[in-house]
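Structural overview for review
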Amino acid sequence: MIADVVTEREATIDVDRGLFILRYASGAAQGASPMAMLRPAGGFESFVEILSGPGLVNGFLATPGDCAVIRAEQPARLALKIKSQGAEGSLDASFRVETVSSSSASGGIVVSSQGDAQATGDSTFKLVAHVARRGDIAVDPGVWVAGPDAPAAIEAVGIRGPLPSGVGIELQPLAGTNPPRWFDWAPSGAFVGTRGRALPLAGLRMRLTGPQSAGARLVVDALFLGSPIMSQEGREVEIVGSAGNEPLVGLRVGLVMEADRQEGAVHAPASVAAGSTERPKGSQMRVFRALEGV
């Protein structure tokens, strides 16, 4: 029996209100590079405009070096479809999102998708983290940022996207200064820490807020350099390495509601088990944010 050949992949990109450029940064190491098409995700078409150069189809990226301009009137989600050139063509590609202007204090959040990336179109929140030498990465609940398979210093984190009604998540980061220093608590939706300063987080506190938070629990796994995986669960959690100053090199966050707990369910993608650390296989498609100040 001949296995089906995968010729397409999709990723989602979240942007704040503002003006951005998506660049096709690199393609396949050998053979023909894939083509790409960038479009607003369903429900965002009315306030997102995508422009390409004169004579080109808007949003079409044929080869590495091509780019498209994104104009978002409010925070939006985009769908990036990658298509190989023929059945034997590669799907390996990377794309860079650059902020031209943004009304957001953080300068815009862009997600990263690796491996078997697909645009799910669901409404779950995302854990967003700025990872050293990798840029901004966003994952679904229950999925590692960096972590056991690919540890790397995490410099900033945030929770973006819709949470269950009446529930918020506040964050307090521990900066890896000498000595480490706790920042103030930040409101739900904030992005805390630093970018491009080579200053990893040495710890993190998270707490649930809102009228419905009594029926919710955070489920957090953390990996600090040179230490085993640490797991915490509750309405308020604190993760700090054994010595208090080790860099955070992996983070996984889930949210459990009481109704879900009774059914044995956790807010995590169905394709990723809550305890799994297996790395997805297959061609890679990466979307990342240009490091500020570089």
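Residue numbers restart at each chain and count upward from 1, following the sequence in its written direction. With the structure being a predicted model, the display of local features is reserved for residues of pLDDT at least 70 and the display and counting of side-chain atom pairs for 80 or more, all residues being used for whole-chain, interface and lining totals. Water and hydrogen atoms were dropped before computing side-chain values, which therefore reflect all heavy atoms in the structure.

1. Quick word on the overall build of the protein chain
Our working rule: Each helix is a run of DSSP H or I of at least 4 residues and each strand a run of E of at least 2, with the numbering of both proceeding from the N terminus. Only protein chains enter the accessibility calculation, which uses a 1.4 Å probe; a residue whose area is less than 20% of its type maximum is buried, one above 50% is exposed, and one in between is partly exposed. Where accessible areas are quoted, they stem from the Shrake-Rupley method and a 1.4 Å probe; at the residue level, only the protein chains shown are allowed to cover.
What the protein chain contains, in helices and strands, is one helix and 21 strands. Relative to its 294 residues, the protein chain shows a buried fraction of 46%. For the protein chain, the computed accessible surface area is about 14,100 Å², with 50% contributed by carbon and sulfur atoms.

2. Examining the pairing of strand β16 (residues 201-209)
Applicable threshold: Any two strands with at least two DSSP bridges between them are considered paired.
Where strand β13 (residues 168-175) and β16 come together, eight bridges link them in antiparallel fashion. When the sheet's bridge partners are listed, Leu-174 is paired in β16 with Gly-203. Across five bridges, β16 lies against strand β19 (residues 236-240) in antiparallel orientation. Residue pairing for β19: Arg-207 is matched across the bridge by Glu-236.

3. Describing unusual backbone geometry
In the segment running from Asn-178 into Pro-179, the intervening peptide bond is cis, with an omega of 5°. Take Pro-179: it is sitting in the loop between β13 and β14 (181-182). Of note, the phi angle at Arg-133 is positive, near 65°, even though the residue is not glycine. One can find Arg-133 in the loop between β9 (126-131) and β10 (135-139). Among the residues examined, Arg-133 registers a relative accessible area of 76% and is labelled exposed. Even without a glycine there, the phi angle at Ala-146 is positive, about 55°. Inspection of the secondary structure puts Ala-146 in strand β11 (residues 145-146).

4. A few points about the pairing of strand β18 (residues 230-234)
When strand β17 (residues 216-224) meets β18, the two strands line up antiparallel, connected through five bridges. Across the sheet, residue Leu-218 finds its bridge partner in β18, namely Gly-234. Taking the residues between adjacent antiparallel strands as the criterion, β17 and β18 are bridged by five residues, where Gly-226 takes a positive phi near 80°.

5. Focus: the packing of aromatic side chains
Heads up, the rule is: Stacked, tilted and edge-to-face pairs are distinguished by plane angle, under 30 degrees for stacked and over 60 for edge-to-face with tilted covering the rest, among Phe, Tyr and Trp rings (Trp via its six-membered ring) whose centres lie within 6.5 Å. A ring is considered to have a charge above it if a Lys NZ or an Arg CZ atom is located within 6 Å of its centre and within 35 degrees of its normal.
For the structure on display, the rule yields two aromatic pairs. With a centroid separation of 5.7 Å and 80° between ring planes, the pair formed by Phe-44 and Phe-47 is classed as edge-to-face. Judged by its relative accessible area of 15%, Phe-47 falls in the buried class. Residue placement shows Arg-205 over the ring face of Trp-182; its charged tip is 3.8 Å from the ring centre. Geometry around Trp-185 places Arg-207 over its ring, the cationic atom sitting 3.8 Å from the centre.

6. Thoughts on the side chain of Ser-90
Threshold: Polar contact is the term for a pair of N or O atoms within 3.5 Å; when the atoms are in protein, one must be able to donate a hydrogen and the other to accept it, and sequence-neighboring residues count only if both atoms are side-chain atoms. We call two residues in contact when some of their heavy atoms are within 4.5 Å.
Relative to the helices and strands, Ser-90 resides in the loop between β7 (76-83) and β8 (93-102). Within the structure, the side chain of Ser-90 is placed 3.0 Å from the backbone nitrogen of Asp-92, a separation counted as a polar contact. Aside from chain neighbours lying at most four places away, what touches Ser-90 is Ala-28, Ala-32, Pro-34 and Ser-84.

7. Some details on the environment of Glu-236
Here Glu-236 lies in strand β19. Once the C-alpha coordinates of Glu-236 and Ile-169 are considered, the two residues, 67 residues apart in sequence, prove to be 9.4 Å apart. With sequence-adjacent residues up to four places away left out, Glu-236 is seen in contact with Trp-185, Met-206 and Arg-207.

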